[in-house]
There are 4 protein chains.
Amino acid sequence: MPQSFKTLYRVSWVDTDAAQIVHFSNFFRFFERAEEDFYRHLGLIDWLGSKDVIMPRVEAFCQFKKPARFNDLLEIELTVEELKEKAVKYGFRIYNKENAELLANGYLVAVAVNRYTLKTTEIPKDVAEKLKTYHNSREKQK
Amino acid sequence: MPQSFKTLYRVSWVDTDAAQIVHFSNFFRFFERAEEDFYRHLGLIDWLGSKDVIMPRVEAFCQFKKPARFNDLLEIELTVEELKEKAVKYGFRIYNKENAELLANGYLVAVAVNRYTLKTTEIPKDVAEKLKTYHNSREKQK
Amino acid sequence: MPQSFKTLYRVSWVDTDAAQIVHFSNFFRFFERAEEDFYRHLGLIDWLGSKDVIMPRVEAFCQFKKPARFNDLLEIELTVEELKEKAVKYGFRIYNKENAELLANGYLVAVAVNRYTLKTTEIPKDVAEKLKTYHNSREKQK
Amino acid sequence: MPQSFKTLYRVSWVDTDAAQIVHFSNFFRFFERAEEDFYRHLGLIDWLGSKDVIMPRVEAFCQFKKPARFNDLLEIELTVEELKEKAVKYGFRIYNKENAELLANGYLVAVAVNRYTLKTTEIPKDVAEKLKTYHNSREKQK
């Protein structure tokens, strides 16, 4: 049973800044891109893109270990760290695919919200069911 | 009678790329930011942001003369190059405010579209009226 | 004696996403923009932009309380949360200027690094001296 | 003999704006991403990324025919429209891969510049040789 989802991203010139490394804010965009690939993999991407339930981010965190540079091939690993009725916390690790070095790790917390009432709501059962497969329970993590 | 609208923008670190200059795509974002400041100046910003008539861009062009760098203060000059029933063409010039050097010039063409039918429609009279004030007619330009 | 630095930022159309709110990653860019305004205010912006000592980010965090939308005027408040020999932690709060609602709060940790050796180094004395003025010591905070 | 290079790009959430379509400025970034994939395909990507000769853009143009949306798979087609001693003009067409609709077309002109003297210089022979293979001569185009 897989516990993590992995996807690739190639660093583009526009991702870099004048320090000649990827701008730190873009790591959060890579996190989200991995989440999109993950939902695509789960067959849920249409749900993510046009839905009654939206999943705004309520928290974001990242530690930057080593810089990424133009043309680097990144491997982004996603796990479901916590799964609650109305919220999900994804963990991310970004590696340099070529040398397997860890460049960054962090998380995003998203909450399910009804698009029209803007009140928190439950994550749909079928979505939650699929997310569970990638849930790293505490027992398994340590 | 003023024929151009001018606004300022300060280059942020994230606007630069690994060549240590502003990424060329950001000049188009500066164009649009000047357009937003222009509509704010005209008292039309609420119209631009939430409206039945949307103004998607159908053409964009820019010549890059000299690079802009981190912390540069840019002056962006907007003129209304062409004003038709259903379309407007803005001209832009971006200067380095400190030394008055021209860094880039270009244009955007936007077309009025009904948000719901997605068909082209007329630019509202009151909007067109205000845009005319900044219209550089050919006779005046040359 | 001022303990926080405040600056303004106007949300541009490009800052928004298909949820019609500011993309979460852009809050980190607003944090950094406030840092740049802060260094400009301190007379240290040239140091930040072209220097032997660079200040890469090693940690970034943000809680998103309420959405920001197109044309919102944001007030970004910066404090120096921690000041060490080789690192600084800035705290940020982003408010909707019009109604004073807190939209987001978070922090950035930056470490001083020698540009050529890429080893951590001390924050220059004159920079540290100026940062101290904005340092919220624990005693003062609570 | 191939005359065009094709590559794919999947639209991410962050690429969209509050009109729920891809922000027009991002099409220029997709152009450049295709150029990077092209140089990677030619075995010249290291040349593009770290080189004595840099290739700043001097002109950019795009016509937007139809909107791209979140999760759309785009096919970007690149041709070498003009190849001079010191400059290259790439033509681009962006299609919706699923239904083959043309979404946008445009071009970028890049000039070879010596990184240190910042004077225009010749495109290296081996680079020019490879670019020629993708050159749409006028005779062939019409």
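Trainee: Where do I start with the overall build of chain A in this structure?
Mentor: If you tally the helices and strands in chain A, you get four helices and seven strands. Walking chain A from its N terminus toward its C terminus, one meets helices and strands in the order β-α-α-β-β-β-β-β-β-α-α. The C-alpha radius of gyration of chain A comes to 16 Å, within 12% of the 14 Å expected for a compact globule of 142 residues. Along the first, second and third principal axes, the C-alpha atoms of chain A reach 45 × 35 × 25 Å.

Trainee: Quick question: what am I supposed to make of the interface of chain C and chain A here?
Mentor: The partner chain A presents 17 residues to the 17 residues of chain C that form the contact. Across the chain C/chain A interface, buried area totals approximately 1700 Å², and carbon plus sulfur atoms make up 58% of it. When residues of chain C are sorted by the area they lose upon contact with chain A, C:Phe24, C:Arg29 and C:Phe64 head the list and together hold 30% of the total. Applying the counting criterion to the chain C and chain A interface returns zero salt bridges. Viewed at the interface, chain A and chain C are joined by 12 residue pairs in polar contact (both at pLDDT 80 or more). If you list the elements that add at least two residues to the side of chain C that touches chain A, you get helix H1 (24-42), strand E3 (57-64) and strand E6 (102-111) of chain C. Tallying contributions element by element places E3(C) first for the side of chain C that touches chain A, with eight residues. For the side of chain C that touches chain A, the class distribution of residues is nine nonpolar, four polar and four charged. By the bridge criterion, five bridges tie strand E3 (residues 57-64) of chain A to E3(C) in an arrangement that is antiparallel. Bridge assignment links A:Phe61 to a residue of E3(C), and that residue is C:Phe61.

Trainee: Where do I start with the interface of chain D and chain A in this structure?
Mentor: The interface of chain D with chain A comprises 18 residues on the first partner and 18 residues on the second. Summed over both sides, the interface of chain D with chain A buries roughly 1600 Å², with 47% coming from carbon and sulfur. Contact with chain A buries surface across chain D, with D:Arg33, D:Arg40 and D:Phe70 losing the most and accounting together for 27% of the total. Counting across the chain D and chain A interface gives zero salt bridges.

Trainee: Explain the relation of the copies chain C and chain A to me, please; I cannot follow it from the model alone.
Mentor: Relating one copy of the chain to the other requires a rotation about an axis plus a shift along that axis. Between the two copies, chain C and chain A, the superposition gives an RMSD of 0.0 Å; the rotation angle is 180° and the shift along the axis is 0.0 Å. The superposition of one copy onto the other is thereby described by a two-fold rotation axis. When each C-alpha of chain C is compared by its distance to the rotation axis, C:Phe61 comes out closest, at 2.2 Å. Looking at the interface residues of chain C, 100% of them are also at the interface in chain A, so both copies use one shared face.

Trainee: Help me out: how do you make sense of the sheet that holds strand E3 (residues 57-64) of chain D in this one?
Mentor: The strands that make up a sheet pair up through hydrogen bonds in the backbone, lying either parallel or antiparallel. What the 10 strands build is an open sheet, ordered E1(B)-E4(B)-E5(B)-E6(B)-E3(B)-E3(D)-E6(D)-E5(D)-E4(D)-E1(D); its pairing is antiparallel. Each edge of the open sheet carries a strand with a single partner, namely strand E1 (5-10) of chain B together with strand E1 (5-10) of chain D. Sheet twist, expressed as the mean angle between neighbouring strand axes with direction ignored, is 20°. Alignment of E1(D) against strand E4 (residues 73-83) of chain D, held across six bridges, turns out to be antiparallel. Within the sheet, the bridge partner assigned to D:Leu8 lies in E4(D) and is D:Glu75.

What counts, and at which threshold
Residues numbered from 1 in each chain as written. Chains lettered and ligands numbered in written order. Predicted model: local features only at pLDDT ≥ 70, side-chain atom pairs only at ≥ 80, totals over all residues. Heavy atoms only, no water. Helix = DSSP H or I, 4+ residues; strand = E, 2+ residues; numbered from the N terminus. Rg over C-alpha atoms; globule rule 2.2 N^0.38 Å. Contact = heavy atoms within 4.5 Å. Buried area = accessible area lost by both parts, 1.4 Å probe. Salt bridge = Lys/Arg side-chain N within 4 Å of Asp/Glu carboxyl O. Polar contact = N/O pair within 3.5 Å; in protein donor to acceptor, adjacent residues only side chain to side chain. Nonpolar A, V, L, I, M, F, W, Y, C, P; charged D, E, K, R; others polar. Pairing = 2+ DSSP bridges. Least-squares fit on C-alpha atoms with pLDDT ≥ 70 in both. Axes fitted to C-alpha atoms, helices over the stretch in contact; angles between N-to-C directions.

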